[in-house]
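Below are the chains, spelled out letter by letter.
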Amino acid sequence: MPTKQTESAPSFLQVYTQVRRDRMKHSFLRQISACVDWRGIRTLLNKKYTKTQNATGNPAYDALMMFKILLLQTWYGLSDYEVKERINDSLLFSEFLLLDMGLPAPDHSTICRFRAELTRLRIMDKLLRELNKQFKKHGISRIDQGAIVDASIVDSPHAPDGSILIEVADDREDLRTEEEQAQEQAYLYELKSRKPGVDTEARGVRKGRHYRYGYKKHVLTDGQGLVESRITTPANCADTVVLPELIEKAELEQGVSVLADKGYCSKKNSACLLERGLIDGVMLKAQKGMKLTERQRELNNAISKMRCLIERTFGSIRRWFSGGRCRYRGLERTHTQNILEAMAYNLKRMPGLLVLQSTNSPEKPPLGRIILPRGGKGERQASHFSA
């Protein structure tokens, strides 16, 4: 009768493979295991995810282990089938998951159901918030010194073929008439019955001269590009309407600077930032029939040099994890993908930030101080913002 393995009694397989394990002492996954305290994630998962047995009646896999599998998929670009094979084959993967090499990996259908259950429970934002507590614990989070906001389109491969031409919204703002919007709704409703392969929750948008179809991820990061909050909408959602919700999710403290491009410039957003005691660092947009003054242009240039740091986040996620393209169909599933990419990105940068912190002083000097004019009347000062 097989006996239960304990830390004091390693299996023969673990002893036999110890030489190979020693060669992997500096691996990325071992660094993550040493840096991250997973207890908060485990508590949150066990509170929400209450499976006691799997489809065959056997005890369910540990929820934290299943969550780590989703991270492995994102880091290494693996499908449900591929990650199962890699877990069965890789000592490093098994060690990261705390799965005995003598035990089989979860089936691909189990992984798929777990991801779908997390999506149904809508706890991905809570998982991101809980994971980000690790960065505050290690003192490498800079969200108290400033935040950056921007958006990026995630293209869906399940787009209509374009045989029927309809008017779509512009990227910055939807200026279509009610008749044109109704035409789009009728067209998408027709697609549900005629072409079930099309993702009808996604939307088309015109970005410059290019037509895009999919979703838009709205992101708030700290000055280092670490993702603090993320919202997923159809691609035709204007940037301006999402800023208040992003700030609320990030739970920013009073006095923090919020930098953004001209797409977020509106009276409503300025009032929201003022009400919450945040510093308005949104780039100014010229009003109709009026040009920006020289000082306002200089201000925009100063903000742009700091705000553009969020582009590194988008570029890295696209390069490292093939981000920018939907793996699943539907708004909620795409949001799950976006949050997983955000967590994978933050964790991938964690070891490097810890090394950088150990070589620098605890107090990081600010980039500079900028003056923010408001409507040409009066001035307000932005707090120091570090990047």
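Residues numbered from 1 in each chain as written. Predicted model: local features only at pLDDT ≥ 70, side-chain atom pairs only at ≥ 80, totals over all residues. Heavy atoms only, no water.

Caption draft 1: Looking closely at the overall build of the protein chain. On a plain count of helices and strands, the protein chain comes out with 15 helices and 9 strands. Here the protein chain holds 387 residues, and the buried ones make up 47% of them. A separation of at least 24 residues holds for 67% of the contacts in the protein chain among residues at least 6 apart in sequence. A total of about 20600 Å² of accessible surface is found on the protein chain, and carbon and sulfur atoms cover 52% of it. (Helix = DSSP H or I, 4+ residues; strand = E, 2+ residues; numbered from the N terminus. Buried < 20%, exposed > 50% of the residue type's maximum accessible area, 1.4 Å probe, protein only. Contact = heavy atoms within 4.5 Å. Areas by Shrake-Rupley, 256 points an atom, 1.4 Å probe, with all protein chains shown as cover.)

Caption draft 2: Representation of the pairing of strand β1 (residues 147-155). Extensive coverage of β1 is indicated by the burial of 7 of its 9 residues. Sheet topology note: the β1/strand β4 (residues 210-222) ladder contains 9 bridges and is antiparallel. Each residue of the ladder has a partner; that of V149, found in β4, is L220. Inspection of the sheet shows β1 paired to strand β6 (residues 257-260) by 2 bridges, in the parallel sense. Bridge pairing links A147 to V258 in β6. (Pairing = 2+ DSSP bridges.)

Caption draft 3: Molecular detail of the packing of aromatic side chains. In total, this model carries 7 aromatic pairs according to the counting rule given. Taken together, a centroid distance of 6.2 Å and an interplanar angle of 80° make the contact between W38 and F96 edge-to-face. Taken together, the residues W38 in the loop between α3 (28-35) and α4 (39-48) and F96 in helix α7 (residues 91-97) connect sequence positions 58 residues apart. An aromatic cluster is built from F28, W38, W75 and F96, whose rings are joined through pairwise contacts. Stacked on the ring of Y76, the Lys or Arg R86 has its end atom at 5.6 Å from the ring centre. The ring of F28 is capped by K348, whose NZ or CZ atom sits 5.2 Å from the centre of that ring. (Phe/Tyr/Trp six-rings, centres within 6.5 Å; stacked < 30°, edge-to-face > 60°. Lys NZ or Arg CZ within 6 Å of the ring centre and 35° of its normal.)

Caption draft 4: Molecular detail of the confidence of the model for the protein chain. Chain-level pLDDT for the protein chain is 82 on average; 81% of the residues reach the 70-or-more range. Mean pLDDT across the elements of the protein chain ranges from a minimum in strand β9 (residues 379-381), with 41, to a maximum in helix α5 (residues 63-76), with 96. Residue range residues 1-6 is modelled with pLDDT below 50. Its contacts to residues more than four positions away, or to other chains, number 3 contacts. Long-range and interchain partners of residues 362-387, a stretch whose pLDDT sits below 50, account for 66 contacts in this model, where long-range means more than four residues apart. (pLDDT = per-residue confidence, 0-100.)

Caption draft 5: Representation of the environment of G330 within the structure. Tracing the backbone shows G330 in the loop between α14 (310-321) and α15 (331-359). Between the alpha carbons of G330 and H158 there is a distance of 10.0 Å; along the sequence they are 172 residues apart. Setting aside chain neighbours within four positions, we find G330 in contact with D199, E201 and Y215.

Caption draft 6: Looking closely at the nonpolar core. If you look at the biggest cluster of nonpolar residues, it comprises 56 residues, and the most contacted ones within it are W38, F67, W75, L127 and M343. Excluding residues that lie within four positions of it along the chain, F67 makes contacts with W38, I41, L45, F114, L127 and M343. Core analysis: the next-biggest nonpolar cluster, separate from the first, contains 19 residues, L220, I231, A250 and L278 among them. (Core = buried A, V, L, I, M, F, W, Y, C linked by side-chain atoms within 4.5 Å.)

Caption draft 7: Summary view of helix α13 (residues 294-307). For α13, which comprises 14 residues, the first-to-last C-alpha distance of 20 Å matches the rise-based estimate of 20 Å (1.5 Å per residue) to within 8%. Within α13, the full set of buried residues consists of Q296, L299, N300, I303, M306 and R307. For α13, the angular spread of the buried residues around the axis is 125°, confining them to a single face. (Expected span 1.5 Å × (residues − 1). Arc of directions from axis to C-beta.)

Caption draft 8: Expanded view of the environment of K48. Relative to the assigned elements, K48 resides in helix α4. Overall, K48 belongs to the partly exposed group, its relative accessible area being 31%. Each C-alpha atom of the pair K48 and I123 lies 8.0 Å from the other, and the pair is 75 residues apart in sequence. Once residues lying within four places of it in the same chain are set aside, the contact partners of K48 are L121, I123 and K126.

Caption draft 9: The arrangement of the packing of α5 against α15 in detail. Relative to each other, α5 and α15 sit at 80°, their axes nearing to 9 Å. Judged by the inter-axis angle, α5 sits roughly perpendicular to α15. Contacts from F67, L70, L71, T74 and W75 of α5 reach α15 at L340, E341, M343, A344, L347 and K348. Residues of the contact of α5 with α15, tallied by class, amount to 8 nonpolar, 1 polar and 2 charged. (Axes fitted to C-alpha atoms, helices over the stretch in contact; angles between N-to-C directions. Parallel < 35°, antiparallel > 145°, perpendicular 65-115°, else oblique. Nonpolar A, V, L, I, M, F, W, Y, C, P; charged D, E, K, R; others polar.)

Caption draft 10: Looking closely at the packing of α4 against helix α9 (residues 124-137). In contact at an axis separation of 9 Å, α4 and α9 are set at 160° when each is read in the N-to-C sense. In terms of orientation, α4 lies roughly antiparallel with respect to α9. Considering the relative orientation of α4 and α9, their crossing is right-handed. Across the interface between the two elements, G40, I41, L44, L45 and K48 from α4 touch K126, L127, E130 and L131 from α9. When grouped by side-chain class, the residues that make up the contact of α4 with α9 number 5 nonpolar, 1 polar and 3 charged. (Left-handed = near helix turned anticlockwise from the far one by under 90°.)

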